[in-house]
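# Summary of structural features
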Amino acid sequence: MQSFAALMIRSLVYLLFMAGVANIFAMEGYALLVESKYDEGSATELMHDTFAFVTCMLFLIGAYYSDALRPAAVVVATLSGMMLIREFDAFLDENMFDGAWQTLVCILIATSTLYLIRQQHPVKPSLIEFSKLSSAGIYLSGILVVLVFSRLFGRGSFWEAVMGDGYVRVVKNIVEEGTELMGYSILVIAAVEFLWQIVSQRKARNE
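Rules of the game
Residues numbered from 1 in each chain as written. Predicted model: local features only at pLDDT ≥ 70, side-chain atom pairs only at ≥ 80, totals over all residues. Heavy atoms only, no water. Phe/Tyr/Trp six-rings, centres within 6.5 Å; stacked < 30°, edge-to-face > 60°. Helix = DSSP H or I, 4+ residues; strand = E, 2+ residues; numbered from the N terminus. Buried < 20%, exposed > 50% of the residue type's maximum accessible area, 1.4 Å probe, protein only. Lys NZ or Arg CZ within 6 Å of the ring centre and 35° of its normal. Disulfide = S-S within 2.5 Å.

### A short note on the packing of aromatic side chains
- Inspection of every chain in the model, using the stated rule, returns 11 aromatic pairs.
- Seen in terms of ring centroids, Phe 130 and Phe 194 are 5.6 Å apart; in terms of plane orientation they differ by 80°. Their pairing is edge-to-face. With a gap of 64 residues between them, Phe 130 in helix H6 (residues 123-131) and Phe 194 in helix H9 (residues 169-206) connect regions that are remote in the sequence. Across the pair, Phe 194 and Phe 130 agree in class, each one buried.
- Here the aromatic residues Phe 59, Phe 130, Tyr 139 and Phe 194 are joined through ring pairs into a cluster of three or more.
- A cation over a ring is seen here: Arg 86 above Trp 101, with NZ or CZ 4.9 Å from the ring centre.

### Looking at the state of the cysteines
- If you walk through the whole model with that rule in mind, you get zero disulfides.
- The structure places no disulfide on Cys 56, whose sulfur is separated from the nearest cysteine sulfur, that of Cys 106, by 17 Å.
- According to the relative accessible area criterion, Cys 56 is buried, its value standing at 11%.

Next up, the structure:
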């Protein structure tokens, strides 16, 4: 009963979280009306960055508290970190050098790989264990939305085809950026669930 109650509470929190994200996303439209752009400098992009960072940090915290799931958590945190760096591609290219974000991604991959090689817990069993958790499925869903669905659904050629002479770029931006934001929101929920599951497991072992 306690587990069911906890699930209902988390579900309510996630519902409120998603509703809040949707309303923040709509604020630019309500505020700027036809001047809305939903471009790189928008609140939506800031939420992309924030959610990618939060996801990365929560999985790293989970890695700290679980020996068995640590390698898997580091792998997932690395992927989230790569996505965060990718969100800053334009900024890094303009303020550092062309291809800076690719360089940082390579450094992150190399660092994580070196850590995984040196730490004592094998990666494969950890990934198998992680795959059994509901948070793994939630995370995979978020990744597919961010990296696949939002990109394909937000293709300019598609929106130009269906809108014809009435094509408005901001509509395409709203669809792509909004769908991507939904994916990042799902990733945050996955990270929270992962941390919750680790805490629950530790609590069960200590009882």
